[in-house]
Amino acid sequence: MSVVRIGILFFAKTRELAGISRGTFTVNSVVIGSDLLNQLSQFFGLNSVRDSLMLALNERYINLNEELSLCEGDEIAIIPPISGG
Amino acid sequence: MDNLSLQKQDIEELRSEIAKLRAALYTKEQQLQDLEQLHAQQSGNDPDSAVVQQEHEEKAEVHTHLTNDDIARFSRQLILPGFGVQGQLKLKNSAVLIVGMGGLGCPAAQYLAAAGCGRLGLVDYDIVERNNFHRQTLHSEKKEGMSKVDSARIALLELNSSCQIKCHTRLLNSLNAFSVLRAYDVILDCSDNVPTRYLLNDACVMLGKPLVSGSALKMDGQLTVYNYGADGPCYRCIYPVPPPPEAVTNCGDGGVLGAITGTIGALQALEAIKVIVGLGEVLAGRLLIYDGFSNLFRNIKIRSKRPNCHICSAEPLIRDLIDYELFCGMHATDKDNPLQLLEPEQRLNVFEYQELQSAPHLLLDVRQPAEFEICQLPSAVNMPLAEILDDSYVKRFSSQLESKEFPIVVLCRRGNDSQIAVQHMRNRYPDHSIRDVIGGLHAWSNKVDNGFPIY
Ligand SMILES: [Zn+2]
């Protein structure tokens, strides 16, 4: 199985927790959504908000049950809900 | 103290006393409203359904033409392709409910009233405070202490006197949500807390109403339209599980820039107008993410309805409104809930700390540097909570930590973070004299030094 390097975008709370607004991550090119979320939460320190995060791959929502085929340079956005107003 | 400054102090004290009395009055009024409503529901005589009835009768009186004043007033939008006379008439015959008259609700209401929306409903239980002015642009200085919906109504009628505005001065809950929402075509979620977001979502799904949802915090914003169109998801489809309370930041703690809430609120008005008029592509099935730091807008294609969604699927598990504060483990306001983590002997009140001030001690202020810069007590050392929790304090204060007797006092804005810090430090140093200040700097300002700024 090949390994790819993908770009990660952080929004709102996850930007604070990760301490960066964008980063890169190396992962197996074929991965289940929830597995990717676990790895990202672990690596970037997002465990406290893991269950309420939404992931998007190249600006498309990821269903956590789905198997993803990632390519080099793909972009994952990590989006927590915001509730303020 | 001279006579003038004594007078000034009296004025300040009276002002704050009046504001507190007003707040207490509003709370009582709301309790009364809710009790009356419960009573009426249980005795089968719901006053709000009478109101709904009346509003439906008003609705029967459909506007079929524009007046000369309408034409002159709305000429710049009447000539827009796709909007036109028919669009203006749809707006004139529409009813929009705005939940939350804060940073999002003010600009949203302002653009809807100005654009000629016929009927607006405003929901908020809160009163106008000075820290609202920087972003809640319908509330002006003279209205401090007034209920937010009354204040907003006055400002909106100045913009457009023919807009019919109904005030709902109450906290929305499972008991009153249906009767409040029922009379409106589109609902705007301009609220500031998680339980209200789930409540509005579930009520809108059950009533089949589109929900224009906006939110903002710090420099970030989000916007989407839920429950719109055959495939349009609801809030629960996207966020089935509420975030843990400790991961939720409100504007009072995290801060927010008025231009951010203004941007999102104005866009909520735009989406409401598009839904009503049938103009353009409504932002359903897409989530707009706004990053004000780099001024980037991103459109994320979100999922369609979740087949097993607890509320909007064909076989919903939730068939009636639930207790949303219980479900989320949070209160339906953005006000702070005081934590109770420490034992009484691990805490000092502000007077006890005042006595300790002249003796040798270490005062750790665990607020963010930006907050520390606003105001601080003499000799306080800024050590943000994160640096307590990652143990960087251990090295930095090694000499003070050598003795178990040396008093270490931890301080924050309201006495919550300071408890978290003390708890963490006491795990490592159980027998040291490490205590926090009850009520933090707010208590200091209220009880010891009225001249100390509150933010
Ligand atoms: Zn749903």
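Everything quoted here is computed from the prediction, not taken from an experiment. (Residues numbered from 1 in each chain as written. Chains lettered and ligands numbered in written order. Predicted model: local features only at pLDDT ≥ 70, side-chain atom pairs only at ≥ 80, totals over all residues. Heavy atoms only, no water.)

### Observations regarding the overall build of chain A
Within chain A one finds 2 helices and 7 strands. Order of helices (α) and strands (β) in chain A, N terminus to C terminus: β-α-β-β-α-β-β-β-β. Taking 85 residues into account, the globule formula puts the C-alpha radius of gyration at 12 Å, and chain A, at 12 Å, falls close to it. When its C-alpha atoms are laid out on the principal axes, chain A stretches across 45 × 25 × 20 Å. Looking at the 85 residues of chain A, the share that counts as buried comes to 52%. A separation of at least 24 residues holds for 58% of the contacts in chain A among residues at least 6 apart in sequence. (Helix = DSSP H or I, 4+ residues; strand = E, 2+ residues; numbered from the N terminus. Rg over C-alpha atoms; globule rule 2.2 N^0.38 Å. Buried < 20%, exposed > 50% of the residue type's maximum accessible area, 1.4 Å probe, protein only. Contact = heavy atoms within 4.5 Å.)

### A word on the coordination of the zinc ion
All names here are of chain B. Within the protein, the zinc ion binds to Cys 234 (SG), Cys 237 (SG), Cys 309 (SG) and Cys 312 (SG); these donor distances fall in the range 2.2 to 2.3 Å. Its 4 donor atoms give the zinc ion angles of 94 to 117 degrees at the centre, a pattern that matches the tetrahedral case. Considered as a linear motif, the donors of the zinc ion on their single chain read C-x2-C-x71-C-x2-C. When sorted by exposure, Cys 234 lands in the same class as Cys 237, which is buried. (Donors = N, O, S within 2.8 Å, 3.2 Å for Na, K, Ca; no water. Tetrahedral: all angles 85-135°; square planar, octahedral: opposite > 155°, others 65-115°.)

### Notes on the UniProt feature "binding site: Zn(2+)" (unreviewed entry) in chain B
Residues and elements named next belong to chain B. Per the UniProt entry, the sites bearing "binding site: Zn(2+)" (unreviewed entry) are Cys 234, Cys 237, Cys 309 and Cys 312 in this numbering. Separation in sequence by 79 residues is not matched in space for these annotated residues, since their most distant C-alpha atoms are only 8.6 Å apart. As for its position among the elements, Cys 234 is in the loop between β6 (220-226) and α10 (235-238). With a relative accessible area of 0%, Cys 234 lands in the buried category. Turning to its location among the elements, Cys 309 is positioned in the loop between β8 (296-301) and α13 (324-328). According to the relative accessible area criterion, Cys 309 is buried, its value standing at 2%. The residues touching Cys 309, leaving out its near neighbours within four places in the chain, are Cys 234, Arg 236, Cys 237 and Pro 316. (UniProt positions renumbered as here; feature names shortened; annotations may be inferred.)

### What to know about the environment of Gln 88 of chain B
Residue and element names in this part refer to chain B. Structurally, Gln 88 can be placed in helix α5 (residues 84-92). Residue classification places Gln 88 among the buried residues on the basis of a relative accessible area of 1%. As a C-alpha pair, Gln 88 and Phe 297 span 209 residues in sequence and 29 Å in three-dimensional space. Every residue in contact with Gln 88, bar those within four places of it in the chain, is listed here: Leu 66, Phe 74, Gln 77, Leu 78, Phe 83, Ala 115 and Gly 116.

### Some points on unusual backbone geometry
All names here are of chain B. Even without a glycine there, the phi angle at Asn 227 is positive, about 60 degrees. Relative to the assigned elements, Asn 227 resides in the loop between β6 and α10. At Asp 391, a residue that is not glycine, the phi angle is positive and equals roughly 70 degrees. Position of Asp 391 relative to the elements: it lies in the loop between α16 (385-389) and α17 (392-396).

### As for the interface of chain A and chain B
Of the residues lining the interface, 25 residues belong to chain A; the matching set on chain B comes to 39 residues. Between chain A and chain B, the buried area comes to about 2,500 Å², and carbon and sulfur atoms account for 56% of it. The largest per-residue losses of area from chain A upon contact with chain B belong to Tyr 61, Ile 82 and Gly 85 of chain A, which jointly make up 26% of the total buried on that side. Remark: the boundary between chain A and chain B carries 4 salt bridges. Our count for the chain A to chain B interface comes out at 12 residue pairs in polar contact (both at pLDDT 80 or more). Counting residues per element, the side of chain A that touches chain B draws most heavily on helix α1 (residues 12-18) of chain A, which supplies 4 residues. Of the residues contributing to the side of chain A that touches chain B, the split by class is 11 nonpolar, 6 polar and 8 charged. (Buried area = accessible area lost by both parts, 1.4 Å probe. Salt bridge = Lys/Arg side-chain N within 4 Å of Asp/Glu carboxyl O. Polar contact = N/O pair within 3.5 Å; in protein donor to acceptor, adjacent residues only side chain to side chain. Nonpolar A, V, L, I, M, F, W, Y, C, P; charged D, E, K, R; others polar.)

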